[in-house]
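Commentary on secondary and tertiary structure
Spelled out, the chains give:
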Amino acid sequence: MSDIENRLREAGIVLPAPVPPVANYVPWRISGSLLIISGQVCLGTDGKLAERHKGKLGGAVTMEAGVEAARFCAINVLAQAKAALGSLDRLRGCLRLGGFIAATPDFIPLPQVMNGASDLMVEALGEAGKHARSTIGVPVLPLDCAVEVEGMFEIA
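All values derive from a computational prediction rather than experimental measurement. (Residues numbered from 1 in each chain as written. Predicted model: local features only at pLDDT ≥ 70, side-chain atom pairs only at ≥ 80, totals over all residues. Heavy atoms only, no water.)

1. With respect to the overall build of the chain
Our working rule: Every helix listed is a DSSP run of H or I at least four residues long, and every strand listed is a run of E at least two residues long, numbered separately from the N terminus. As defined in this context, the radius of gyration uses C-alpha atoms, and a globule is described by 2.2 Å times the residue total to the power 0.38. Two residues form a contact once any of their heavy atoms are found within 4.5 Å. Only the protein chains shown count as cover for residues, and the accessible areas themselves come from Shrake-Rupley with a 1.4 Å probe. Charged residues are defined here as Lys and Arg on the positive side and Asp and Glu on the negative side; His and the ends of the chain fall outside this count. A charged residue contributes its charge at one atom only: NZ of Lys, CZ of Arg, CG of Asp or CD of Glu.
Assigned secondary structure in the chain consists of 3 helices and 5 strands. Walking the chain from its N terminus toward its C terminus, one meets helices and strands in the order α-β-β-α-β-α-β-β. For 156 residues, the compact-globule estimate of 2.2 N^0.38 gives 15 Å, and the C-alpha radius of gyration of the chain, at 14 Å, lies within 12% of that figure. The C-alpha extent of the chain, read off along each of the three principal axes, is 40 × 35 × 30 Å. Considering only intrachain contacts with a sequence separation of at least 6, the fraction spanning at least 24 residues in the chain is 80%. Of the roughly 7,500 Å² of accessible surface on the chain, 55% is carried by carbon and sulfur atoms. Charge centroids of the chain, computed over 14 positive and 16 negative side chains, lie 4 Å from each other.

2. Comments concerning the environment of isoleucine 108
What counts here: Only protein chains enter the accessibility calculation, which uses a 1.4 Å probe. A residue is then buried if its area is under 20% of the maximum for its type, exposed if over 50%, and partly exposed in between.
Counting through the fold element by element, isoleucine 108 comes out in the loop between strand 3 (91-102) and helix 3 (110-125). According to the relative accessible area criterion, isoleucine 108 is exposed, its value standing at 66%. Residues isoleucine 108 and glycine 137 lie 29 residues apart in sequence; the distance between their C-alpha atoms is 8.8 Å.

3. Side note on the pairing of strand 1 (residues 28-31)
Applied cut-off: By definition, two strands form a pair when at least two bridges between them are found by DSSP.
Where strand 1 lies against strand 2 (residues 34-41), 4 bridges are found, and the strand directions are antiparallel. From the neighbouring strand, tryptophan 28 faces strand 2, where its bridge partner is isoleucine 37.

4. Quick notes on the nonpolar core
Nonpolar side chains in soluble globular proteins tend to be buried together. Applied cut-off: Buried Ala, Val, Leu, Ile, Met, Phe, Trp, Tyr and Cys residues form a nonpolar core when they are joined through side-chain atoms within 4.5 Å.
Among the nonpolar cores identified, the biggest contains 49 residues, and Leu35, Leu78, Leu91, Met121, Val147 and Phe153 are the most heavily contacted of them. Elements supplying a minimum of two residues to this core: helix 1 (3-10), strand 2, helix 2 (63-85), strand 3, helix 3 and strand 5 (147-155). Among the elements that make up this core, the one with the highest residue count is helix 2 (13 residues). Apart from the residues within four sequence positions on either side, valine 147 is in contact with Gln40, Val41, Cys42, Gly66, Ala69, Ala70, Cys73, Phe100, Ile101, Val113 and Leu141.

5. Some words on the pattern of salt bridges
To keep it simple, the criterion reads: Salt bridges are identified by distance alone: a Lys or Arg side-chain nitrogen within 4 Å of an Asp or Glu carboxyl oxygen.
All told, the structure shown has 6 salt bridges when counted by the stated rule. Of the charged contacts, one joins lysine 54 and glutamate 51 as a salt bridge, the two residues approaching to 2.9 Å between their closest N and O atoms. Where glutamate 150 meets arginine 96, a salt bridge forms, and the shortest distance between an N and an O atom there is 3.2 Å. Of this pair, glutamate 150 sits in strand 5 while arginine 96 is found in strand 3, placing the two residues 54 residues apart along the sequence. In this structure arginine 96 comes out as partly exposed when scored by relative accessible area, which is 28%.

6. Digging into the pairing of strand 4 (residues 132-138)
For the record, the criterion: When the strands point away from the viewer and the path from the first strand over the helix to the second turns clockwise, the crossover is right-handed.
Here 7 bridges tie strand 3 to strand 4, and the two strands are oriented parallel to one another. Note that in strand 4 the partner of arginine 96 across the bridge is alanine 132. With helix 3 bridging strand 3 and the parallel strand 4, this β-α-β connection has right-handed handedness.

7. Observations regarding the side chain of serine 118
Filter applied, for reference: Here a polar contact is taken to be a pair of N or O atoms separated by no more than 3.5 Å, where protein atoms must pair a possible hydrogen donor with a possible acceptor and residues adjacent in sequence count only if both atoms sit in side chains.
Mapped onto the elements of the fold, serine 118 is located in helix 3. The exposure class assigned to serine 118 is buried, which follows from its relative accessible area of 9%. Only 2.8 Å separates the side chain of serine 118 from the side chain of histidine 131, close enough to count as a polar contact. Leaving out residues up to four positions away in the same chain, serine 118 has contacts with Leu97, His131 and Arg133.

8. Describing the packing of helix 1 against helix 3
Heads up, the condition is: Under this scheme, a helix contributes an axis fitted over its contacting stretch, all axes are lines through C-alpha atoms, and angles between N-to-C directions fall in the 0 to 180 degree range. When an angle is under 35 degrees it counts as roughly parallel; over 145 it counts as roughly antiparallel; between 65 and 115 it counts as roughly perpendicular; any other value is oblique. Throughout this entry, Asp, Glu, Lys and Arg are counted as charged residues, while Ala, Val, Leu, Ile, Met, Phe, Trp, Tyr, Cys and Pro are counted as nonpolar. The remaining residues, Gly among them, count as polar.
The contact between helix 1 and helix 3 brings their axes to 8 Å, and the two run at 120°. Classified by the interaxial angle, the pair formed by helix 1 and helix 3 is oblique. Contacts between helix 1 and helix 3 pair Ile4, Arg7 and Leu8 from the former with Leu120, Glu123, Ala124 and Leu125 from the latter. Residue composition of the contact of helix 1 with helix 3, by class: 5 nonpolar, no polar and 2 charged.

Pasting the structure below:
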């Protein structure tokens, strides 16, 4: 088991089976020393979307549930990375996360929601988990998810 997976396990997190694509795309691509992970929604480790993670921030989804949803997205990003690489020990660092937050037009604290994903990445990778990021509010996401996160990593 990789050092990263050990850190996750110590935090009570076991990576789920990666979610297969639901349309005409691939879940990940490797180009040189880059691993790019397609957007991952906030399915729980049981592979299901919790009711509290459906809808919009500023509407039916609370801030606490939004942060939790972003964290689940980051866990799913790492699950895809493991599927791509065989071992998370090949990760040298998280370069970028992109976050999409389903939100009402007047919901302002998008970055605080995205911190759920960013904090998980730093928890898993340590200093190598610090990354550049974008956070964007959108009107709707697949499956009525509250959050979707994509990632880019440097790999060995």
